[in-house]
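Analysis of the macromolecular model
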Amino acid sequence: MADTVTMDKIVSICRRRGFVFPSSEIYGGLGSTFDYGHYGVLLKNNIRARWVEAMVQERDDIVLIDSAIILHPRVWEASGHVEGFTDPLVDCRTCKLRFRADQLQESRCGRKPSKRPGEHSECDLTEPRQFNLMFETTVGPVQEAGSRAFLRPETAQGIFINFKNVLQLARRRPPFGIAQVGKSFRNEITPGNFLFRVREFEQMEMEFFVPPADAERWYRYWIEARFDWYLRYGLRRSRLRVREHGPEERSHYSQGTSDIEYEYPIGWSELEGVANRGDYDLTRHAEFSGTRLEYVGPEDTERYVPHVIEPAVSIERIVVAMLVDAYDEEEVAGRERTVLRLHPAIAPVKAAVLPLIAKDGGMVEKARSLYEELRAAHVVEYDEGGAIGRRYRRQDEIGTPFAFTVDEQTLADDTVTIRERDSLVQERLAIAQVAARLADELRTPWTTPKGD
Ligand code: GAP
């Protein structure tokens, strides 16, 4: 199968099938903000659910938390974000565009023909200045000193400031983790590439607290565990790699960072980061808040500030990687079909139930009754509109792995066809066995037919 996917094709299928729309469209849109339609929401729900399953449900050493988005402003002083969460920015006085000073080589100027900023004779760039990426807001009815607050740029800090609560109330001792999923906000200077870099995104972060001597081992462990999670949910191994940051590239808190990169249509780029944050965060919050944040063993046998290993990713980057990896165009019996070969556990809709002829009352009745049965356990769709081929193609485009079709034979012997999205194999089975078969199929480990 030829790999023909581009970001434009992903944007187009998302729009056509109602996964993702540009936000505020009737007002002309707001750059790099997106709204999710029905299938987009289901897709994100599945990604989040698989992450929580792997992080929490399948282990006994990680608990969940859901902290506030607006935290005490001192949190962001302690974390280093007020001082250091900045990008160097240059403005062009001529075309009024803004660029990241460290990415001028890859940026395009607003003049025609488009060149790099600074290359046209009319370009008039300012000196670089530091621009803080946090969105500011005010708390309370008046803007006055002390009312300034921030929308969180990462979910991690909401975890660190709850370390003591969890340690005491969930009766944990290192190694243990706290996981959080929620919206984060960054006033990115150069957002773009669809959902890849947006100003509002949903992070899934986990802070794993370990004895200092074990930090390196757990850092390696989490790089591997997170890499394997992507393989488990169908991404091709050849499109994934781990890239370790050099010392000059690391964030202020990091003692080691590795990116799990995916080969997006824009090239190899960060999908997820795994960082060894050392004791930076707990030490800083202890200093700024005056609250001791450490682990004390029974009867005071041991006492230390745990080190932290952090896998951090956004659902948006996973959505793009999974759609890119799943997207396929092929010719079947002389006709083009576009198909999303999504892992069944990730696919928004698990099965479609289709009466072959919508005007046939008997078929409709049987199909509706099968649909009612299946939807008790899964997201399934009933569709009777249009030719059967077109209905199959609609399901292929949203990645539905199975379709059950009720036809003349069903009326005679209570069997239906099951059509498999990737192989297009069709076989017959008894209606009474459909629910068990679907549950079975969804439990079976799956690998992409696109190869490694
Ligand atoms: N707590 C650590 C942290 O936030 P980060 O590398 O800045 O580290 C973690 O972000 C992850 O969040 C990234 O690997 C990426 O998946 C996602 N992410 C960051 N900025 C994003 C943006 N503007 N749009 C979409 N996802 C973003």
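Refer to the structure presented above.
The text that follows walks through the structure, step by step, so that each part is easy to find. (Residues numbered from 1 in each chain as written. Predicted model: local features only at pLDDT ≥ 70, side-chain atom pairs only at ≥ 80, totals over all residues. Heavy atoms only, no water.)

**Notes on helix H9 (residues 315-326)**
For H9, with 12 residues, the first-to-last C-alpha span of 16 Å sits near the 16 Å given by 1.5 Å per residue. Within H9, 12 of the 12 residues are buried, which leaves it mostly tucked inside the rest of the structure. For H9, the full list of buried residues reads Ile 315, Glu 316, Arg 317, Ile 318, Val 319, Val 320, Ala 321, Met 322, Leu 323, Val 324, Asp 325 and Ala 326. (Helix = DSSP H or I, 4+ residues; strand = E, 2+ residues; numbered from the N terminus. Expected span 1.5 Å × (residues − 1). Buried < 20%, exposed > 50% of the residue type's maximum accessible area, 1.4 Å probe, protein only.)

**Overview of a nonpolar patch on the surface**
Judged by side-chain polarity, Ile 69, Ile 70 and Val 139 come together as a nonpolar surface patch covering roughly 230 Å² of accessible area. Of note, Val 139 is situated in the loop between strand S7 (136-138) and strand S8 (148-150). (Patch = residues over 30% accessible without salt bridge, like charges linked within 9 Å, V, L, I, M, F, W, Y side chains within 5 Å. Areas by Shrake-Rupley, 256 points an atom, 1.4 Å probe, with all protein chains shown as cover. Salt bridge = Lys/Arg side-chain N within 4 Å of Asp/Glu carboxyl O.)

**Concerning the site of the ligand**
Residues in contact with the ligand amount to 21 residues; listed here are only the nearest, Glu 154, Glu 188, Glu 205, Glu 270 and Leu 271. In the environment of the ligand, an oxygen atom lies 2.8 Å from a nitrogen or oxygen atom belonging to the side chain of Arg 186. Between the ligand and the protein, one listed contact pairs a nitrogen atom with a side-chain N or O atom of Glu 188 at 2.8 Å. Notes on the ligand: free accessible area 550 Å², of which the protein chains cover 91%. Sort the elements by how many residues they give to the shell around the ligand and strand S13 (residues 267-278) lands first, with 5 residues. In terms of residue class, the shell around the ligand is made up of 8 nonpolar, 3 polar and 10 charged. (Near = heavy atom within 4 Å. Polar contact = N/O pair within 3.5 Å; in protein donor to acceptor, adjacent residues only side chain to side chain. Nonpolar A, V, L, I, M, F, W, Y, C, P; charged D, E, K, R; others polar.)

**What about the side chain of Asp 422?**
Assignment of secondary structure puts Asp 422 in the loop between strand S22 (415-420) and strand S23 (426-430). Within polar-contact distance, the side chain of Asp 422 engages the side chain of Arg 421 at 2.9 Å. Beyond its immediate sequence surroundings of up to four residues, Asp 422 is in contact with Arg 337, Arg 341, Trp 446 and Pro 449. (Contact = heavy atoms within 4.5 Å.)

**Thoughts on the sheet that holds strand S11 (residues 240-244)**
With mixed pairing, the 7 strands of this open sheet are ordered in space as S3-S9-S10-S16-S13-S12-S11. Two strands close off the open sheet at either side, each with one partner strand: strand S3 (62-64) and S11. Looking at each pair of strands side by side, their axes are set apart by 25° on average, direction ignored. Relative to strand S9 (residues 176-185), S3 runs parallel, the two sharing 3 bridges. Across the sheet, residue Val 63 finds its bridge partner in S9, namely Ile 178. Sitting on the sheet, helix H7 (residues 215-232) touches S3, strand S10 (200-210), S11, strand S12 (256-264), S13 and strand S16 (307-314), and the angle it makes with S13 is about 150°. (Pairing = 2+ DSSP bridges. Axes fitted to C-alpha atoms, helices over the stretch in contact; angles between N-to-C directions.)

**Observations concerning the sheet that holds strand S4 (residues 86-91)**
Spatially, the 3 strands line up as an open sheet ordered S5-S4-S6, and their pairing is antiparallel. A single partner strand is all that each edge strand has here, and the edge strands are strand S5 (98-100) and strand S6 (129-132). Taken pair by pair, the neighbouring strands of this sheet meet at an average axis angle of 50°, ignoring direction. Note: S4 against S5, 3 bridges, orientation antiparallel. From the neighbouring strand, Val 90 faces S5, where its bridge partner is Phe 99.

**Brief notes about the pattern of salt bridges**
All chains considered together, the criterion is met by 50 salt bridges. Where Arg 337 meets Asp 396, a salt bridge forms, and the shortest distance between an N and an O atom there is 2.9 Å. You can see Arg 337 sitting in strand S18 (residues 335-340) and its partner Asp 396 sitting in helix H11 (residues 388-398), a full 59 residues away along the chain. For the residue pair Arg 337 and Asp 396, the accessibility class agrees, reading buried in each case. The network of salt bridges with common partners includes Asp 328, Glu 330, Arg 337, Arg 341, Asp 396, Arg 419, Arg 421 and Asp 422.

**Observations concerning the environment of Glu 408**
With respect to the element layout, Glu 408 can be found in helix H12 (residues 408-413). Taking the C-alpha atoms as reference points, Glu 408 and Met 363, separated by 45 residues in sequence, lie 7.5 Å from one another. Ignoring anything within four residues of it in the chain, the contact list for Glu 408 reads Leu 356, Ile 357 and Met 363.

**Side note on the pairing of strand S17 (residues 327-332)**
In terms of strand pairing, S17 meets S18 through 6 bridges, oriented antiparallel. Of the residues in S18, the one forming a bridge with Glu 329 is Thr 338. In sequence, S17 turns back onto S18 through a hairpin of 2 residues, with Ala 333 there showing a positive phi of about 50°.

**A look at unusual backbone geometry**
Leaving glycine aside, a negative phi is the common case for residues, and trans is the common case for peptide bonds. In this structure, the amide linkage connecting Pro 174 to the following residue, Pro 175, adopts the cis form with an omega of 0°. With respect to the helices and strands, Pro 175 occurs in the loop between helix H6 (163-169) and S9. Backbone geometry places Lys 96, a non-glycine residue, at a positive phi of 65°. Tracing the sequence through the fold places Lys 96 in the loop between S4 and S5. For Lys 96, a relative accessible area of 65% corresponds to the exposed category. Residues other than glycine seldom take positive phi values, yet Leu 424 does so here, at roughly 65°. Tracing the backbone through its elements, the reader meets Leu 424 in the loop between S22 and S23. Taking the relative accessible area as the measure of exposure, Leu 424 reaches 25% and is therefore partly exposed.

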